[in-house]
Amino acid sequence: MKYPKITTASAGTGKTYEVTEQICNMLLSGETFPDRIIATTFTVKAANEIKSRIREKLLEKGKTKEANLINLSLIGTINSICFELLKKFCFEAGISPAVETLDENDSKIIMREILGSIIDEDYLELAKNLYLDGSSGFNVRTPPYLEQIQTIISKLRLNDLDKNKLNDYASNSISQMLDLFQGKIDDHDTKMQEVLEIMKREIESIRTDELKSAKEKRDYVAIESLYRNYKSGDFKWQEWINWNKPKIAQKHFSKDSHEAIQELTSNILANSAYRNDYKAYITKTFEYAGEALDRYQSYKDEKGLLDFTDQEARLHQLIENNTEVVDYLSNNFDLVVVDEFQDVSPLQLSLFVKLAQLVKKNLWVGDPKQSIYSFRDADPELMQGVLNVVPTENKATLSDSYRSRNSLINFANTVFVESFANSLKKEEVVISQADKKITNRAINEEDILKHPVTFLNLEKGDIANKFKQKETLTLKILDIINSELPVFDKKEKSYRPIKYGDISILCRSNAACNEFASYFSKAGIPVSTSTDGLIDEPEIIFTLALLKLMVHRNDTLAKAEVLLYSRFDGDQSSMINDRLQFDNSYEWQEDNYYVEGLNSIRTETQFLSPVRAIEKLASFFRLPELFTSWGNINQRLANIDALLKHANDYQETCNRIMSACTNLGFLECMNDLSKSSEDKGGEQSGNAIKVMTYHQSKGLEWSMVFMWDLDFSLKDRFYGVNISKADE
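Conventions used here
- Residues numbered from 1 in each chain as written.
- Predicted model: local features only at pLDDT ≥ 70, side-chain atom pairs only at ≥ 80, totals over all residues.
- Heavy atoms only, no water.
- Helix = DSSP H or I, 4+ residues; strand = E, 2+ residues; numbered from the N terminus.
- Buried < 20%, exposed > 50% of the residue type's maximum accessible area, 1.4 Å probe, protein only.
- Areas by Shrake-Rupley, 256 points an atom, 1.4 Å probe, with all protein chains shown as cover.
- Lys, Arg positive; Asp, Glu negative; His and termini not counted.
- Charge placed at Lys NZ, Arg CZ, Asp CG, Glu CD.
- Expected span 1.5 Å × (residues − 1).
- Contact = heavy atoms within 4.5 Å.
- Core = buried A, V, L, I, M, F, W, Y, C linked by side-chain atoms within 4.5 Å.
- Pairing = 2+ DSSP bridges.
- Axes fitted to C-alpha atoms, helices over the stretch in contact; angles between N-to-C directions.
- Polar contact = N/O pair within 3.5 Å; in protein donor to acceptor, adjacent residues only side chain to side chain.
- Salt bridge = Lys/Arg side-chain N within 4 Å of Asp/Glu carboxyl O.
- Patch = residues over 30% accessible without salt bridge, like charges linked within 9 Å, V, L, I, M, F, W, Y side chains within 5 Å.
- Phe/Tyr/Trp six-rings, centres within 6.5 Å; stacked < 30°, edge-to-face > 60°.

Undergrad: Is there a simple way to think about the overall build of the protein chain in this case?
TA: For the protein chain, the helix and strand inventory stands at 33 helices and 16 strands. Each principal axis of the C-alpha atoms in the protein chain carries an extent, and together these give about 95 × 75 × 65 Å. Burial analysis of the protein chain (728 residues in total) assigns 46% to the buried set. Accessible area of the protein chain: about 38,700 Å², with a carbon and sulfur share of 49%. When the 90 positive and 111 negative side-chain charges of the protein chain are each reduced to one mean point, those points stand 4 Å apart.

Undergrad: Any chance you could explain helix α26 (residues 538-551) here in plain terms?
TA: Think of an α-helix as turning once every 3.6 residues; residues three or four places apart then point the same way. Between its first and last C-alpha, α26 extends 20 Å over 14 residues, near the 20 Å set by a 1.5 Å rise per residue. Of all the 14 residues making up α26, twelve are buried; the element is thus mostly covered by neighbouring parts of the structure. Lining the buried residues of α26 we find α27 (556-566), α29 (593-605), α30 (610-620), α31 (623-628), α32 (633-656) and α33 (663-673).

Undergrad: Could you clarify how one ought to interpret the nonpolar core in this entry?
TA: Where a protein is soluble and globular, its nonpolar side chains tend to be buried together. Counting 61 residues, the largest nonpolar core has Ile119, Met199, Tyr230 and Tyr281 as its most contacted members. Top contributing element to this core by residue count: helix α15 (residues 272-303), with eleven residues. Formed by 43 residues, the second largest nonpolar core is a distinct cluster that contains Leu564, Trp588, Met670 and Leu673.

Undergrad: Mind showing me how you'd approach the sheet that holds strand β15 (residues 689-693) here?
TA: What holds strands together in a sheet is hydrogen bonding between their backbones, with the strands either parallel or antiparallel. A sheet is described by the order of its strands in space; here four strands give the open sequence β14-β15-β13-β16, paired in parallel fashion. One side of each edge strand has no neighbouring strand; the edge strands of this open sheet are β14 (527-528) and β16 (704-707). This element, helix α25 (residues 510-522), spans β13 (503-507), β14 and β15 of the sheet and lies at about 160° to β15.

Undergrad: Where do I start with the sheet that holds strand β6 (residues 335-338) in this structure?
TA: Spatial ordering of the open sheet is given by β3-β2-β6-β7-β1-β8, a layout of six strands whose pairing is parallel. Looking along the sheet, the strands with just one partner apiece sit at the ends: β3 (74-77) and β8 (395-398). On average, each strand axis in the sheet is tilted by 15° relative to the strand beside it, whichever way the strands run. Where β6 meets strand β7 (residues 361-366), four bridges bridge the pair, whose relative direction is parallel. Bridging across to β7, Val336 finds its partner in Asn362. The sheet strands contacting helix α2 (residues 44-60) are β2 (37-41) and β3, and the helix crosses β3 at an angle near 150°. Docked against the sheet, helix α4 (residues 78-88) engages β2 and β3, running at close to 130° with respect to β3.

Undergrad: Just checking my understanding: could you explain unusual backbone geometry for this structure?
TA: In most cases, non-glycine residues show a negative phi, while peptide bonds are predominantly trans. For Glu340, which is not glycine, the phi dihedral falls at a positive 55°. Among the structural elements, Glu340 can be located in the loop between β6 and α18 (346-358). The buried category is assigned to Glu340, whose relative accessible area is 16%. One non-glycine residue with positive phi stands out, namely Glu484, at about 55°. Relative to the assigned elements, Glu484 resides in the loop between α24 (466-482) and β11 (486-489).

Undergrad: What is the right way to look at the side chain of Thr474 in this model?
TA: Topologically, Thr474 is positioned in helix α24. Overall, Thr474 belongs to the buried group, its relative accessible area being 4%. Within polar-contact distance, the side chain of Thr474 engages the backbone oxygen of Lys470 at 2.7 Å. If near-sequence neighbours (up to four positions away) are discounted, Thr474 is found in contact with Tyr519, Phe520, Ala523 and Ile525.

Undergrad: Whenever I open this one, the pattern of salt bridges confuses me. Can you help?
TA: Here the idea is simple: oppositely charged side chains can pair when their charged atoms come close. Inspection of the entire model under this criterion finds 35 salt bridges. For Glu287, the salt bridge is made with Lys284, and the minimal N-O distance between the two is 3.5 Å. Of this pair, Glu287 and Lys284 both sit in helix α15, three residues apart, which is roughly one turn of that helix.

Undergrad: Is there a simple way to think about a nonpolar patch on the surface in this case?
TA: A contiguous nonpolar surface patch, about 370 Å² in accessible area, is contributed by Leu408, Phe411, Val415, Phe416 and Val453. Checked against the element boundaries, Phe411 lands in helix α20 (residues 406-419).

Undergrad: Where do I start with the environment of Ile540 in this structure?
TA: Inspection of the secondary structure assignment puts Ile540 in helix α26. Sequence spacing of Ile540 and Ile640 is 100 residues, and the spatial spacing of their C-alpha atoms is 6.9 Å. With sequence-adjacent residues up to four places away left out, Ile540 is seen in contact with Leu534, Ile535, Asn639, Ile640 and Leu643.

Undergrad: Got a minute to help me understand the packing of aromatic side chains in this structure?
TA: The geometry of an aromatic ring pair is captured by the separation of the ring centres together with the interplanar angle, meaning the angle of the planes. Tallying each qualifying case throughout the model produces 28 aromatic pairs. An angle of 25° between the planes, with centres 6.2 Å apart, marks the rings of Tyr274 and Tyr278 as stacked. Placement of the pair is Tyr274 and Tyr278 together in helix α15, with a separation of four residues, close to one helical turn. Summarising the aromatic geometry, the rings of Phe516 and Trp708 are spaced 4.9 Å apart at their centres and angled 80° between planes, so their arrangement reads as edge-to-face. Of the two residues, Phe516 sits in helix α25 while Trp708 sits in the segment after β16, which places them 192 residues apart along the sequence. This pair shows no difference in class: Phe516 is buried, exactly as Trp708 is. Every member of this aromatic cluster is reached through a ring pair, and the members are Phe542, Tyr565, Tyr593, Tyr594, Phe620, Phe621, Phe627 and Trp630.

Undergrad: How do you make sense of the environment of Leu564 when you look at a structure like this?
TA: Take Leu564: it is sitting in helix α27. Considering only alpha carbons, one finds Leu564 and Pro538, 26 residues apart in sequence, at a separation of 10.0 Å. When residues no more than four places from it in sequence are discounted, the contact partners of Leu564 are Asp569, Gly570, Asp571, Gln572 and Met575.

Encoded structure:
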């Protein structure tokens, strides 16, 4: 077996430079030519950066011809490269040369429609009982049952698992859960009868006339309601476990009754009814995954479409089964480079292993410490598994950091050596600061800059309050800006006073990012973040209301939204009082500037594309001027840009999936968006503090980073969809 050369590159050690140098050296030596190179990256931006650096290096060396031909190289994302190769082998793959590609968003839309058409009420009832319908009270955008079905489909495809074994997988999943309990199974009806008898006796003993506070009265109603739900069988299993959530039960039930009910309800895995519900839910979930996958494949076949996984799987099959394709790849390519190797999926790894047997030189570059995309089907253990089998002479490590100061590098080494002690050798983790002559950093840099790491203890006194914590951090940032703390500017290669744009705050959740963005904005600090809830922003509500009213003249709700923000300054009571002065809503405020204006342009605008329609509304009504009067104009304009991007994405999706593109369809799309995790506001640019999640920060750098939520407690991930190794 041929092994690739694998380079482990920590953040800031020149990974992109290494990739560029390897490619340029082969081009400059005449060992290969631009059209004989394959290089995969994780993003389009990274691919363009590699191309740009190669072109610059070749021009520096006087290789104008090679520089001009660099676009002939297959340098891009894994999916784009698979697509290009499939087009070369379309006949062998049995696909049209003009095949269209579904992106991730297209696939989600189609799959959501398929699942909506096959899921029945009985299954939804099971999901509700098991608390898997999104009704847990937390901010759940996508119901867990939908995520689980989609994840099963994804795992099935990316691990090349046999769809015909879905029933076996379901049975195994059920066994792994229910076999955790090996004792006697209790009859649920018997348990329920005992619980009801105790609850009835205790509820009847409560003197309702002695319940003084509103809270006690509400709790009494809650425990009565729970009793009725138990009696009718209309309850969730979470309510069975937490039967005493209403405080009145804890206060007024006797100790013996309390302990008796606790004993009857505590062991859920021994409950016969729960076990039946769980079995039915898991069985049906896997059945739906199989049915949805079949329908999804039929849809793609009918429309002549491929998604990203199809591209990888089809190319993988061709290399595995077609000798002509194997010969072509062997004879026409000299180099394969895999960037961000730690983020590949099982299917992608298998594809790269096969290419390594065909192409004479292979370079894989990555960093197991940066593997964070398991939620997108990347497997963090794959790179480590490969490193364990690749010969030592095929492995290299980039150990010089060009990004950070020496004291910060030492701090990172201390943390990472211990964290990865079970998987990586110390020499594979430790890095050193690069020569200061190369980075232009001062010899006495540690004297110029302040402390590399500072711990802000926010646990004492009032600071334990979340609001106070943010206030404390805000004051800290203002002090830092006012102190003109020196930072190293990599572009200018010199030291200068810190600016807002040099600072980032990293949080665990989007919700925390939103809270910071809101707080900083109120404090007058420039902040940039992609916040949740684009659809709920006033400027978006207003713009979409104009679009709705343009499509449907008699849409009274849209008319009310337009008037609320344009005539009544968001005051709903004033608007309602004004509406009551009119006999019908069609005559109400017909002379309003916006309502009248829409009537005058409706004929010429209602058949425009969504992007053109929004642009027309913005220019005709001079919406930027209106939004300026509302304040925070930079964020509002960024949100409008985000809306236009969604409109453009919708249009492109319609083209790809061969569906009609209409303003009404776009409005429906935005309604669906409001229920998903993609409902993000626009981001401001310029000199502003960047607030984002830890995941979003990958590959980025700032002079100062505040790491928020480090006191977060890790939780066991007991539920979810996972791949387990088959028994030998």
